[in-house]
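Here is what each chain is made of, one letter per residue.
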Amino acid sequence: MDTTAQKTVLTGLKADHFRHPLDLNATTTLRQLPGLDMAVRTALGPVAEQVFYLDNISSSVLVSDRQLPHLHELLLEACKILDLDAPQLYIRQHPVPNAYTFAMRGKQPFIVIHTALIELLNPAEIQAVIGHELGHLKCDHSVYLTLANLLTLAASQLPFAELLVPTFQTQIMEWVRCAEFTCDRAALLVVQDAQTIASLLMKLSGGSPSLSAQLNVDAFLDQARAYDAAVASETGEIIKQIRTQDLTHPLPVLRAREIDRWFNSPEYQTLLNRDVSQYNPRVSSKGGWRNW
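Residues numbered from 1 in each chain as written. Predicted model: local features only at pLDDT ≥ 70, side-chain atom pairs only at ≥ 80, totals over all residues. Heavy atoms only, no water.

Visitor: Would you mind going over the overall build of the protein with me for this structure?
Guide: Helices and strands together make up the secondary structure of the protein, namely 13 helices and four strands. Residues classed as buried in the protein amount to 50% of the 292 residues present. Once local pairs closer than 6 in sequence are excluded, the contacts in the protein between residues at least 24 apart make up 73%. Just so you have it, the protein exposes about 14,700 Å², and 57% of that area is on carbon and sulfur atoms. (Helix = DSSP H or I, 4+ residues; strand = E, 2+ residues; numbered from the N terminus. Buried < 20%, exposed > 50% of the residue type's maximum accessible area, 1.4 Å probe, protein only. Contact = heavy atoms within 4.5 Å. Areas by Shrake-Rupley, 256 points an atom, 1.4 Å probe, with all protein chains shown as cover.)

In structure tokens, the structure reads:
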């Protein structure tokens, strides 16, 4: 059932309308590295796209109006709200709850969601996951996400990589964490309910099919505030930095707290209540992922 009529459709929405300040700063820093963007796209894009496409089309289920149509409707509605062309969506059998996206401004971007994550979530939370992944496409995060994955692989497999990679890897991984805050905002713009995002993050932290219905979102947000208090000291901040420096995602309680703050901010309310024609009065960004 299409619920778009009950939500604000953000026609003409641009990435910088909702990009998190940390993501903006980190992306600006990376873009100052000459030729990095083009090198990754040119050297890796065509091959990686072909590899991933063949892997997905042969080993996952492609969602469509004929295959898992309820998920297809969630995807189309999310794309309509974010003013973005629909990528392919695959469901992959996997015991680890996860989702990821890939695009190189080539033939076709895609999103993959693991079956274990589907089993944990209700439809609104699944759509929040889709919205999060669409945020990566809307903000053109693909180049640096690919680079982060390559650096992680290099650090574990190549000789002397532990001497050459760490400094640049640290910078890239910091950007990756900042980008996740932006994509959580994209998820919120899609579902337009902060409790849904907090519930999703809570289930990723300690949920299971048998426990998920018993979890309490308000208690999880209180837990996030308790974490803030625990790291408020100098020692706590040091421990926090050590704990998070190698992570690909910010800590779940931080993400829940951050999205709760943004949901209650004038910035979010202004964005959601703005006349849609004001986003881009001349040209809609629809048509998409080729024109980020």
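From this point, things continue past the structure.
Visitor: It is not clear to me how the pattern of salt bridges should be interpreted in this structure. Could you clarify?
Guide: One side chain can pair with another of opposite charge once the charged atoms of both are near each other. According to the stated counting rule, one finds 11 salt bridges in the structure shown. Across the pair Arg185 and Glu267 runs a salt bridge, and its minimum N-O distance is 3.7 Å. One end of the pair, Arg185, is in helix α8 (residues 166-191); the other, Glu267, is in helix α13 (residues 266-273), and 82 residues separate them in sequence. According to the relative accessible area criterion, Arg185 is buried, its value standing at 5%. Taking the relative accessible area as the measure of exposure, Glu267 reaches 41% and is therefore partly exposed. With a shortest N-O distance of 2.9 Å, Arg257 and Asp228 are connected by a salt bridge. Taken together, the positions of Arg257 in helix α12 (residues 252-263) and Asp228 in helix α10 (residues 217-230) put the pair 29 residues apart, joining distant regions of the chain. (Salt bridge = Lys/Arg side-chain N within 4 Å of Asp/Glu carboxyl O.)

Visitor: Can you help me understand the packing of aromatic side chains in this one?
Guide: The geometry of an aromatic ring pair is captured by two quantities: the separation of the ring centres and the angle between the planes. By the definition in use, this model includes four aromatic pairs. Look at Tyr90 and Phe110: their rings are 6.3 Å apart centre to centre, the planes differ by 80°, and that puts the pair in the edge-to-face class. Remark: Phe110 occurs in strand β4 (residues 110-114) and Tyr90 occurs in strand β2 (residues 88-92); sequence separation between them is 20 residues. Judged by relative accessible area, Phe110 falls into the buried class, the value being 4%. Taken together, Tyr90, Phe102 and Phe110 form an aromatic cluster joined through their ring pairs. (Phe/Tyr/Trp six-rings, centres within 6.5 Å; stacked < 30°, edge-to-face > 60°.)

Visitor: Is there a simple way to explain helix α9 (residues 194-206) in this structure?
Guide: Side chains of residues three or four places apart in an α-helix project in the same direction, reflecting 3.6 residues per turn. Here α9 contains 13 residues, and its C-alpha end-to-end distance of 19 Å stays within 8% of the 18 Å for a straight helix at 1.5 Å per residue. Buried within α9 are the following residues: Ala194, Thr196, Ile197, Ala198, Ser199, Leu200, Leu201, Met202 and Lys203. (Expected span 1.5 Å × (residues − 1).)

Visitor: Help me out: how do you make sense of unusual backbone geometry in this one?
Guide: Although it is not a glycine, Leu68 adopts a positive phi angle of roughly 55°. Note on placement: Leu68 falls in the loop between β1 (61-62) and α3 (69-82). Notably, Asp83 is not glycine yet its phi reads approximately 55°, a positive angle. Structurally, Asp83 can be placed in the loop between α3 and β2. Here Asp83 falls in the buried class, since its relative accessible area comes to 4%.

Visitor: Looking at this model, I keep getting lost on the side chain of His136. Mind explaining?
Guide: Checked against the element boundaries, His136 lands in helix α5 (residues 123-138). Separated by 3.4 Å, the side chains of His136 and Glu180 make a polar contact. (Polar contact = N/O pair within 3.5 Å; in protein donor to acceptor, adjacent residues only side chain to side chain.)

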